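Coordinates in review
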Amino acid sequence: TMAAIAASSVSIAPARVGAARQSRSRARAAVVVKASADERQVEATTSRRELAVKGFAALAAVAAVRPEPAHALFGFGGDKETQYAEQTAGVIAQVRFTLELPADSDEKAAAIEKTRKLTNDWVARYRRDKGITGRPSYGNVYSALNAVSGHYNNFGTKYPLPQKRKDRVLQEFETAEIALSRGR
């Protein structure tokens, strides 16, 4: 074992400390360790540096060939462009439905809550995606959703959207739908 090899290759001998310290009342004994060169030597097979370089190379190789998650197996995931177009069309349809409801409708409060939830989910999903935020359809839909959400946050659900604001929101939705149909 390593302990036996280390113990057999080292001899311990008492010695006196230098002349400067001998002037003290007691001389102290020191231990001198001598290693004999003819005994077996243990070699390290890998240095720390080599281990670090090999570990880094392995991590880099794994990171370079990391596959994308396969979500399309059971109908999850799919094409990002298709998802964006479908979800954006769904949000537009929900907001239009909410805006077309009469003010005295029993469904108005539930429709507004659903619109808020869809709006927040849509914005949270696509706000940080650089491939989506530069699209004209995203800008138009975001602007329209911001106008509708701002109105309901400031004035509540009882006060209807003013006609001028409603017309502008519907115009932005039409422009966004045209852009979506062109893949933009």
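The structure presented is a predicted model; accordingly, all values stated were derived computationally and were not measured. (Residues numbered from 1 in each chain as written. Predicted model: local features only at pLDDT ≥ 70, side-chain atom pairs only at ≥ 80, totals over all residues. Heavy atoms only, no water.)

1. Description of the overall build of the protein
Check the secondary structure of the protein and you find 8 helices and 2 strands. Written out in order from the N terminus, the α and β elements of the protein read α-β-α-β-α-α-α-α-α-α. A buried classification covers 22% of the 184 residues belonging to the protein. Counting only contacts in the protein whose residues sit at least 6 apart along the sequence, the fraction spanning at least 24 positions is 57%. Carbon and sulfur atoms form 55% of the exposed surface of the protein, whose accessible area is close to 13,800 Å². (Helix = DSSP H or I, 4+ residues; strand = E, 2+ residues; numbered from the N terminus. Buried < 20%, exposed > 50% of the residue type's maximum accessible area, 1.4 Å probe, protein only. Contact = heavy atoms within 4.5 Å. Areas by Shrake-Rupley, 256 points an atom, 1.4 Å probe, with all protein chains shown as cover.)

2. Quick word on the packing of helix 4 (residues 80-100) against helix 8 (residues 163-181)
Look at helix 4 against helix 8: their axes get within 11 Å of each other, and the N-to-C directions meet at 155 degrees. If you check the angle between helix 4 and helix 8, you find them roughly antiparallel. For helix 4 against helix 8, the interelement crossing comes out left-handed. For the pair formed by helix 4 and helix 8, the contact residues are Y84, A85, T88, A89, I92, V95, R96, L99 and E100 on the first element and K166, V169, L170, F173, E174, A176, E177 and L180 on the second. Among the residues forming the contact of helix 4 with helix 8, the class breakdown is 11 nonpolar, 1 polar and 5 charged. (Axes fitted to C-alpha atoms, helices over the stretch in contact; angles between N-to-C directions. Parallel < 35°, antiparallel > 145°, perpendicular 65-115°, else oblique. Left-handed = near helix turned anticlockwise from the far one by under 90°. Nonpolar A, V, L, I, M, F, W, Y, C, P; charged D, E, K, R; others polar.)

3. Remarks on the nonpolar core
In globular proteins that are soluble, nonpolar side chains generally tend to be buried together. With 23 residues, the main nonpolar core has W122 and F173 as its most contacted residues. Contributions of two or more residues to this core are made by helix 4, helix 5 (108-126), helix 7 (136-155) and helix 8. Top element by residues in this core is helix 7. It accounts for 7 residues. Those residues in contact with F173 that sit more than four places away from it in its chain are I92, V95, R96, V141, A144 and L145. (Core = buried A, V, L, I, M, F, W, Y, C linked by side-chain atoms within 4.5 Å.)

4. Quick notes on the confidence of the model for the protein
Overall, the predicted model of the protein reaches an average pLDDT of 75, with 65% of residues at or above 70. Here residues 1-15 is a poorly scored stretch, pLDDT under 50, and it has 23 contacts once near neighbours within four places are set aside; other chains count. (pLDDT = per-residue confidence, 0-100.)

5. Digging into the packing of aromatic side chains
Throughout the structure, instances matching the rule amount to 6 aromatic pairs. Seen from their ring centres, F155 and Y159 are 5.6 Å apart, and the 40 degrees between their planes marks the pair as tilted. Put simply, the rings of Y84, W122, Y126, Y138 and Y142 touch in pairs and so form one group of aromatic residues. (Phe/Tyr/Trp six-rings, centres within 6.5 Å; stacked < 30°, edge-to-face > 60°.)

6. Some details on helix 8
Helix length check: helix 8, at 19 residues, gives a terminal C-alpha distance of 27 Å against a target of 27 Å (1.5 Å per residue), a fit within 8%. Those residues of helix 8 that sit buried are K166, V169, L170, E172, F173, A176, A179 and L180. Buried residues belonging to helix 8 abut helix 4 and helix 7. Following helix 8 by one or two positions, G183 has its phi on the positive side, about 80 degrees. (Expected span 1.5 Å × (residues − 1).)

7. Side note on the pattern of salt bridges
With the rule as written, the count across this model stands at 6 salt bridges. With a closest N to O distance of 2.9 Å, D121 and K117 form a salt bridge. Placement of both D121 and K117 in helix 5 is noted, with a separation of 4 residues, approximately one turn of the helix. When its relative accessible area of 39% is taken as the criterion, D121 is described as partly exposed. Residue class for K117 comes out exposed when judged on its relative accessible area of 53%. (Salt bridge = Lys/Arg side-chain N within 4 Å of Asp/Glu carboxyl O.)

8. Focus on the side chain of T119
As for its placement among the helices and strands, T119 is situated in helix 5. A relative accessible area of 5% places T119 in the buried class. Here the side chain of T119 touches T115 through a polar contact of 2.7 Å, landing on its backbone oxygen. Every residue in contact with T119, bar those within four places of it in the chain, is listed here: L145 and S149. (Polar contact = N/O pair within 3.5 Å; in protein donor to acceptor, adjacent residues only side chain to side chain.)

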